[in-house]
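Now for the letters of each chain:
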Amino acid sequence: MINDPYREGAARGWRLVDAARLERDVEAEADVIVLGSGAGGGIAAEVLAKSGLRVAIVEEGPLRSTPDFRMREADAYPQLYQESAARKTADKAINILQGRCVGGSTTVNWTSSFRTPPDTLAFWRSHFGLDDYSPEALLPWFEMVERRLGIHEWNGVPNLNNETLRSGGQALGIEVSGMRRNVRGCWNLGYCGMGCPTNAKQSMLLTTIPSALEQGATLYSHLRAERLIVEGDQVRGVDCVAMEPAGVHPRALRVRLRARHVVLAAGAIGSPALLLRSGLPDPAQRVGRRTFLHPVALSAAVMPQVVAGHAGAPQSLYSDHYLHRDPIDGPVGFKLESAPLHPVLFGTTLQGYGEAHAGLMREFPHAQVLLALLRDGFHEASPGGTVQLRDDGTPVLDYPLNDYLFDGMRRALQAMAEIQFAAGARSVIPVHEAGLRWSSLAEARAGIATLLLQPLALRVVSAHVMGGCAMGKDAAQSVVDPRGRHHRVRGLTVADGSLFPTSIGANPQESVYAIVARNVSALAAELTGRPAAPIA
Ligand SMILES: Cc1cc2nc3c(=O)[nH]c(=O)nc-3n(C[C@H](O)[C@H](O)[C@H](O)COP(=O)(O)OP(=O)(O)OC[C@H]3O[C@@H](n4cnc5c(N)ncnc54)[C@H](O)[C@@H]3O)c2cc1C
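Residues numbered from 1 in each chain as written. Predicted model: local features only at pLDDT ≥ 70, side-chain atom pairs only at ≥ 80, totals over all residues. Heavy atoms only, no water.

Going by the annotation in an unreviewed UniProt entry, the name recorded for the chain is Oxidoreductase, with Sphaerotilus microaerophilus given as the source organism.

Shown next as structure tokens:
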């Protein structure tokens, strides 16, 4: 029997409020309100609660825990993801995966863990005045979150979906390395994206949020933060609206929370959206700008043997071979990894319809998929996207794809096809509306060279949303200072992936954990007058 920390915690008196069940408006007070319970919100809540502060955590999505995770896509996507895992950019050319549940994206992410690359930090120091963002200064914080979240070199056997990257890479002399993952006692099931059913993934759901609750924090789920309460230049709290049980529509029920300080951690679409809704001063119009995605191009291969890409650690090997070929601000570099394969995600991401689509689905057991994460945000032709509000106040990201990015995608498709054929692929299929299939490298090379690359032709996806509330020294260029404090109002700290002034150039969760741990520890010390409690 696998334990459910929330059932046990509730029995011990944890303060869990499901706003979908509230019967009247509520007013409450805390020392600090944390908006969002994902990577940034989870770390912030634990640091603050352990430092002796009364914390209220506000999460728009539902509280779902171990027994709810049944390894079924049809259950997981509507319950645990923003817009049922079908969130799109304004022109619908990019599909965005983001979590919307307690634990945020960490509840559904694939556990790949990287420290922020040194060249990314160097770029931040030279371009955004983030002087103490060096590998040395951040080292103790990386080490702390690695201890806290069990981040370590994963020694399990990669599945064939990942192994194809290694065998193809080896044949071509391309370096492929092993991942580090935030798991303890992983059963190697391969269903991380649907919530871990065995409590192995060290998500915020399992680690920091329970720890904050144990210290007396209150967790409000199904509660959407709508607007900050601002008096003069001081943030005093937040007005929230309760959500219906399905989590999509708001109810006519309000919750008003007041506090000395608000930590904004609603993720890199949710956080800028809240600032926009709140109408905070933004004379340089920086809020929501420079939102990055690591836009992903995908290449599918049909292998002679059964791959079973749904089983085993989703991502266990990667290659940075194409990330460091050019200067960081040159032609866009890309990181290669494998994409976990489950039938709904596979079927909705792959192109085509009718018999052609059914034919692809029949080949699903033999399918292998590589992905290329493009490192956006370092070149002037890569300004990212802009978060905007719809008429009902919900956010949408406008992220125009352009020739600079398509050039990277074309090179990425070439690289992935080479690796897949070198690993023995029978055929390679670019994830593109043209519905092409190549059975030799020569065919693939010729096909990719002339492939029409434009929005809605190539199918582009992202699971890494970053930026939109960028940190920086210069208030004309950024939204918050290098510690995440808002430049123009007091009592507000941003603490999530929206802080990043560029993309990371590696899977971002560990960057969120470490940077937020440092910034919020400084905040806790400021609020209590004592050093913050370490979390590991
Ligand atoms: C499927 C998937 C796989 C991934 N795999 C990896 C991986 O292997 N490695 C890696 O490094 N990264 C991975 N990521 C990305 C990583 O999980 C995120 O970068 C990270 O969690 C971002 O942290 P965050 O705090 O900015 O936002 P999130 O973790 O997304 O948390 C934001 C939270 O705020 C809530 N929220 C939003 N608006 C409001 C509001 N108005 N009121 C209240 N709450 C609100 C959301 O519901 C959400 O729970 C993956 C992401 C996904 C979706």
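So much for the structure itself; the text now carries on.
## A closer look at the sheet that holds strand S14 (residues 250-258)
The strand order across the open sheet built from 4 strands is S2-S14-S13-S12, with neighbouring strands paired in mixed fashion. The open sheet has two edge strands, strand S2 (26-29) and strand S12 (223-231), and neither has a second partner. Sheet twist, expressed as the mean angle between neighbouring strand axes with direction ignored, is 25°. As paired elements, S12 and strand S13 (residues 234-243) share 8 bridges and run antiparallel to each other. (Pairing = 2+ DSSP bridges. Helix = DSSP H or I, 4+ residues; strand = E, 2+ residues; numbered from the N terminus. Axes fitted to C-alpha atoms, helices over the stretch in contact; angles between N-to-C directions.)

## Thoughts on the UniProt feature "domain: Glucose-methanol-choline oxidoreductase C-terminal" (unreviewed entry) in the chain
Under the present numbering, the feature "domain: Glucose-methanol-choline oxidoreductase C-terminal" (unreviewed entry) in UniProt falls on residues 385-515. Taken end to end, residues 385-515 has its terminal C-alpha atoms 23 Å apart, with 28% of it in helix and 15% in strand. (UniProt positions renumbered as here; feature names shortened; annotations may be inferred.)

## A closer look at the site of the ligand
Around the ligand there are 37 residues in total, and Glu59, Ser105, Ser112, Gly497 and Gln509 lie nearest to it. One nitrogen or oxygen atom from the main chain of Ala225 is found 2.9 Å from a nitrogen atom belonging to the ligand. Within the backbone of Pro508, a nitrogen or oxygen atom sits 3.2 Å from an oxygen atom of the ligand. Considered on its own, the ligand offers 1000 Å² of accessible surface; in the complex 98% of this is hidden by protein. In terms of residue class, the shell around the ligand is built from 13 nonpolar, 18 polar and 6 charged. (Near = heavy atom within 4 Å. Polar contact = N/O pair within 3.5 Å; in protein donor to acceptor, adjacent residues only side chain to side chain. Areas by Shrake-Rupley, 256 points an atom, 1.4 Å probe, with all protein chains shown as cover. Nonpolar A, V, L, I, M, F, W, Y, C, P; charged D, E, K, R; others polar.)

## With respect to the nonpolar core
It is characteristic of soluble globular proteins that their nonpolar side chains tend to be buried jointly. In terms of nonpolar packing, the biggest core is built from 105 residues, with Leu35, Ile43, Leu48, Trp124, Leu228, Leu275 and Leu492 touching the most fellow members. It is helix H14 (residues 509-528) that provides the largest number of residues to this core, a total of 10 residues. In contact with Ile43, other than residues within four places in its own chain, are Gly38, Val145, Met204, Thr208, Tyr513, Val516, Ala517 and Ile535. By size, the runner-up hydrophobic cluster in this structure holds 47 residues, among which are Leu293, Tyr404, Ala417 and Trp438. (Core = buried A, V, L, I, M, F, W, Y, C linked by side-chain atoms within 4.5 Å. Buried < 20%, exposed > 50% of the residue type's maximum accessible area, 1.4 Å probe, protein only. Contact = heavy atoms within 4.5 Å.)

## A short note on helix H5 (residues 118-128)
Buried residues of H5: Thr120, Leu121, Phe123, Trp124 and Phe128, and no others. Taken down its axis, H5 places every buried residue within 155° of arc, on the same side. Every exposed residue of H5 that faces more than 90 degrees away from the buried side is listed here: Pro118 and Ser126. Residues of H5 that are buried sit in contact with helix H6 (135-149) and H14. (Arc of directions from axis to C-beta.)

## Some remarks on helix H3 (residues 73-80)
Three or four residues apart is the spacing at which side chains of an α-helix point the same way, because the helix has 3.6 residues per turn. The complete set of buried residues in H3 reads Glu73, Ala76, Tyr77 and Leu80. Summarising the axial view, the buried residues of H3 lie within an arc of 105°, below the 170-degree limit, and thus occupy one face. Those residues of H3 that are buried lie in contact with helix H4 (105-108) and helix H10 (343-349).

## Quick notes on the side chain of Ser211
Along the polypeptide, Ser211 turns up in helix H8 (residues 208-214). Given the relative accessible area of 13%, Ser211 is considered buried. Each residue touching Ser211, except ones within four places of it in the same chain, is listed here: Glu46, Lys50 and Arg148.

## A few points about the packing of helix H12 (residues 403-422) against helix H13 (residues 441-450)
In contact at an axis separation of 10 Å, H12 and H13 are set at 170° when each is read in the N-to-C sense. With respect to H13, the axis of H12 lies roughly antiparallel. Of H13, the residues touching H12 (which contributes Arg410, Leu413, Gln414, Ala417, Glu418 and Phe421) are Leu441, Ala444, Arg445, Ile448, Ala449 and Thr450. (Parallel < 35°, antiparallel > 145°, perpendicular 65-115°, else oblique.)

## Quick word on the pairing of strand S21 (residues 386-389)
Here S21 pairs with strand S22 (residues 395-398) via 4 bridges, running antiparallel. Looking at S22, one finds that Thr386 is bridged to Asp398.

## Quick look at empty space enclosed by the protein
This structure, assessed with the given rule, holds 8 cavities of 30 Å³ or more. Its volume calculated, the largest cavity comes out at about 110 Å³. As for the largest cavity, its lining consists of 15 residues, of which Cys186, Leu189, Cys192, Cys196 and Thr198 are closest to the centre. When its residues are assigned to classes, the lining of the largest cavity shows 9 nonpolar, 4 polar and 2 charged. (1 Å grid on protein atoms, 1.4 Å probe; cavity = no way out; pocket = protein on both sides within 12 Å on 5 of 7 lines; lining within 4 Å. Points joined across faces, edges and corners; volume = space filled by probe spheres on them.)

## What about the packing of helix H2 (residues 39-50) against H14?
Where H2 meets H14, the closest approach of the two axes is 9 Å, and the angle between their N-to-C directions is 35°. As H2 packs across H14, the resulting crossing turns out to be right-handed. Residues Ala39, Gly40, Ile43, Ala44, Val47 and Leu48 of H2 pack against Val512, Tyr513, Val516, Ala517, Val520, Ser521, Leu523 and Ala524 of H14. For the contact of H2 with H14, the residue count by class is 12 nonpolar, 2 polar and no charged. (Left-handed = near helix turned anticlockwise from the far one by under 90°.)

## Focus on the side chain of Thr218
With respect to the element layout, Thr218 can be found in strand S11 (residues 218-221). Apart from residues lying up to four places away in sequence, Thr218 is in contact with Arg15, Val17, Val55, Ala56, Ile57 and Leu213.

## Remarks on the confidence of the model for the chain
In this model, the chain carries an average pLDDT of 97, and 100% of its residues clear a pLDDT of 70 or more. The complex model carries a pTM of 0.98, and its ipTM stands at 1.00. (pLDDT = per-residue confidence, 0-100.)

## Notes on the pattern of salt bridges
For the structure on display, the rule yields 30 salt bridges. Among the salt bridges present, the one from Arg115 reaches Glu146, with a minimum N-O distance of 2.8 Å. Here Arg115, found in the loop between strand S7 (112-113) and H5, pairs with Glu146, found in helix H6; they are 31 residues apart in sequence, far enough to count as distant. A relative accessible area of 32% means that Arg115 is categorised as partly exposed. The class for Glu146 is buried, based on a relative accessible area of 9%. With a shortest N-O distance of 2.7 Å, Arg437 and Glu363 are connected by a salt bridge. In this pair, Arg437 is assigned in the loop between strand S23 (427-430) and H13 and Glu363 in the loop between helix H11 (354-362) and strand S20 (367-374), connecting sequence segments 74 residues apart. (Salt bridge = Lys/Arg side-chain N within 4 Å of Asp/Glu carboxyl O.)

## Observations concerning the packing of aromatic side chains
Counted according to the given criterion, the structure contains 9 aromatic pairs. Between the aromatic rings of Tyr322 and Phe334, the centroid separation amounts to 5.0 Å while the plane-to-plane angle is 10°, which identifies the pairing as stacked. Note that Tyr322 is positioned in the loop between strand S18 (317-319) and strand S19 (334-338) and Phe334 in strand S19, a separation of 12 residues in sequence. The pair Tyr322 / Phe334 is uniform in exposure class, with both members buried. Lys335 extends its terminal NZ or CZ atom over the ring of Phe114, reaching a point 3.9 Å from the ring centre. The cationic tip of Arg518 hangs over the ring face of Tyr133; the distance from NZ or CZ to the ring centre is 4.6 Å. (Phe/Tyr/Trp six-rings, centres within 6.5 Å; stacked < 30°, edge-to-face > 60°. Lys NZ or Arg CZ within 6 Å of the ring centre and 35° of its normal.)

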